[in-house]
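# Structural description and commentary
Residues per chain, in single letters:
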Amino acid sequence: MNKSLLLILLLSCFGFSAQTYCIPTFNSGCSDGDQIDSFTISSIGFNHLNTGCSGNAYGDYTAQTIILSAGVNYSFEITHGFSNQFVKIWIDFNNDGIFTDASPELVASAVSTSVSGIDTTLGLINVPTGATIGVHRMRVADSYSSDPIPCNVDGFGEVHDYTVNITAAPSCIAPTDLSINTITSTSANLSWVASSSVPSIGYEYYLSTNSAYPTSSTIATGSSANGVVTTTLPIVPSTSYYVWVRSVCSGSDKSAWSIPVAFTSSCAPITPNYTNNFTSFPGVCWQQASGGNITSGSTSTDVYWMEDGFLNVNYSGAAKINLFYQNRAGWLKTPVFNLLAGGYRVKFDYGITDYDETTISAMGSDDIVQFAISNDGGSTWSVLQTWSISNSPSNTLNQFSLDLTSYNSANTVFAFYGSDGAIVDPEDYDFFVDNFVIEHSATLATNDNLKKNTNVVVYPNPFVDFLNVKNSDLVKSASITDFNGRVVKRFEDINTTLNMNEIISGAYLLVLKMKDGTQQIQKIIKK
């Protein structure tokens, strides 16, 4: 061995071994599963398995040496015995006995997820190209629910220390700083900073819906020529992706894969019919935002709409916003709809209750909830309906229905906007939305399902407070609508008599849905 190199290695080892490092502590320990059970770097064959919880939550494993190369990224896996573990890894490159909690000594940071039912942290150790060659100490730490620090003193968690030997950077270095822009439902533009090794052949990229890091033998998805540092990725709508890039310096010399970049493709416009009953909240391609107003649009990304049972009955299946705090403004936005075909209508159920109760509530003095439409994908908005203190909904099922004849954009978005204004009011209430539907408008003259069932007779007509239904056992449900299509009352359990004493005088449409799938509509008049 070259005498100078031998001297450097000896001094490096002496400097590392002569340092005194802090011994971290976790006052709640790791016996409840907040531990580094197994630590694996599969690409170099390092496996430190089933170590369990170390005494005093600290394991000194510096007798084990891990060999890493400068300028290379290494995927790692840590298993735990409990969820929500935050992991950090440091390398003391200058051997000063201090782990600096920032780059370049902070080489990895990740959070656990469930993998095949096991709480697992998957991450990437990023060894800088300019890392000091030689022997150093590496610290691996996990902490429950928050980031660990190198000299931890409290909480749940564990630390392992190892020896790491950093070798010279390989001849072929991976590119850096991957970025994604111009994301659509079918494509995205990927770019990166060229490798310092200037690969003669070019680059390869690997696109996946799985966050697991590719290996050296993983087959690339695509490639680009020498000097080209951008490419267009073919994707499908509403999908989360991960992408890596590596340098191809020659036919037999390829770099490790780069640090990945993650993104989600846009949603493709939906051509109705469409229904969201909020069994999965908020629904595929629905979005939340906050701040602003209908004129300005949303200004932030805070989340105020949440899942709950409609009108606080049960605990799921509807969307709601609680309005009580001053200056809260929350948006719930639909996917993009293609309404070019025309002839659609939108409808949904809504109502108000006291906060976390089923009782009725008024709205605050300057509170508003608005239903809005955008014909340009959400850039500008128009109000379709406003609820305020003057027309607060009831704590029963109300249905909004609107003919969309005037709206035929291929880039239509709807939004529910709730604001409790600037005035501090005592009202504390929940506004609910459920069963959001866009469908073709019913047409009495052409719909074969609207044939009158001569066995079902409704009388008297006109009526005062009650309608009688002959052969009601043939009817599944009934609803009363005005001539704007707004539902004013529903009957799910049909008896021989329909009580309509709370409906004001006027003309209505009675819609009877039969058990055989047909539908009967009849004009009725309340005196």
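Description of the structure in this document. Keep in mind that this is a model prediction, so the values were computed, not measured.

## Some details on the overall build of the protein chain
- Of regular secondary structure, the protein chain possesses one helix and 36 strands.
- Rg of the C-alpha trace for the protein chain: 32 Å, well past the compact-globule value of 24 Å for 527 residues, more than 25% over.
- Expressed along its principal axes, the backbone C-alpha trace of the protein chain runs to roughly 110 × 55 × 45 Å.
- Across the 527 residues in the protein chain, those meeting the buried criterion constitute 47%.
- With the model as given, the accessible surface of the protein chain reaches about 24,500 Å², and the carbon-plus-sulfur share is 51%.
- When the 23 basic and 44 acidic side-chain charges of the protein chain are each reduced to a single mean position, those positions are 15 Å apart.

## Examining the pattern of salt bridges
- The final tally for this structure, using the stated rule, is twelve salt bridges.
- Salt-bridge contacts for Asp-430 lead to Lys-320; the nearest nitrogen and oxygen are separated by 3.1 Å. Of the two residues, Asp-430 sits in strand E29 (residues 429–440) while Lys-320 sits in strand E22 (residues 318–323), which places them 110 residues apart along the sequence.
- Judged by relative accessible area, which is 0%, Asp-430 ranks as buried.
- Classification of Lys-320 by relative accessible area gives buried; the value is 3%.
- Put simply, Lys-526 and Asp-465 hold a salt bridge, and the shortest N to O gap is 3.6 Å. Placement of the pair is Lys-526 in strand E36 (residues 519–526) and Asp-465 in the loop between strand E30 (457–459) and strand E31 (466–470), with a sequence separation of 61 residues.
- When its relative accessible area of 7% is taken as the criterion, Lys-526 is described as buried.
- One salt-bridge network, in which partners are shared between bridges, spans Arg-137, Arg-139 and Asp-161.

## A look at the state of the cysteines
- Summed over all chains, the structure comprises four disulfides.
- The residue that forms a disulfide with Cys-30 is Cys-53, at a sulfur-sulfur distance of 1.9 Å. One quick way to see it: the torsion about the S-S bond of Cys-30 and Cys-53 is about 85°, and its sign makes the bridge right-handed. Note that Cys-30 is positioned in the loop between helix H1 (3–18) and strand E1 (38–41) and Cys-53 in the loop between strand E2 (46–48) and strand E3 (58–69), a separation of 23 residues in sequence.
- Residue Cys-30 is classed as buried on the basis of its relative accessible area of 1%.
- The class for Cys-53 is partly exposed, based on a relative accessible area of 34%.
- Disulfide pairing is shown between Cys-172 and Cys-249; the S-S distance is 2.1 Å. One disulfide, between Cys-172 and Cys-249, carries an S-S torsion of 90° and so falls in the right-handed class.

## Digging into the packing of aromatic side chains
- Throughout the structure, instances matching the rule amount to 38 aromatic pairs.
- Measuring from centroid to centroid gives 4.9 Å for Tyr-274 and Phe-337, while their planes differ by 70°, and the two rings are edge-to-face. Highlighted residues: Tyr-274 in strand E19 (residues 274–276) and Phe-337 in the loop between strand E23 (329–333) and strand E24 (344–354), separated in sequence by 63 residues.
- Ring plane angle 15° and centroid distance 6.4 Å describe the contact between Phe-348 and Phe-436, whose orientation is recorded as stacked. Note that Phe-348 is positioned in strand E24 and Phe-436 in strand E29, a separation of 88 residues in sequence.

Criteria and cut-off values
Residues numbered from 1 in each chain as written. Predicted model: local features only at pLDDT ≥ 70, side-chain atom pairs only at ≥ 80, totals over all residues. Heavy atoms only, no water. Helix = DSSP H or I, 4+ residues; strand = E, 2+ residues; numbered from the N terminus. Rg over C-alpha atoms; globule rule 2.2 N^0.38 Å. Buried < 20%, exposed > 50% of the residue type's maximum accessible area, 1.4 Å probe, protein only. Areas by Shrake-Rupley, 256 points an atom, 1.4 Å probe, with all protein chains shown as cover. Lys, Arg positive; Asp, Glu negative; His and termini not counted. Charge placed at Lys NZ, Arg CZ, Asp CG, Glu CD. Salt bridge = Lys/Arg side-chain N within 4 Å of Asp/Glu carboxyl O. Disulfide = S-S within 2.5 Å. Phe/Tyr/Trp six-rings, centres within 6.5 Å; stacked < 30°, edge-to-face > 60°.

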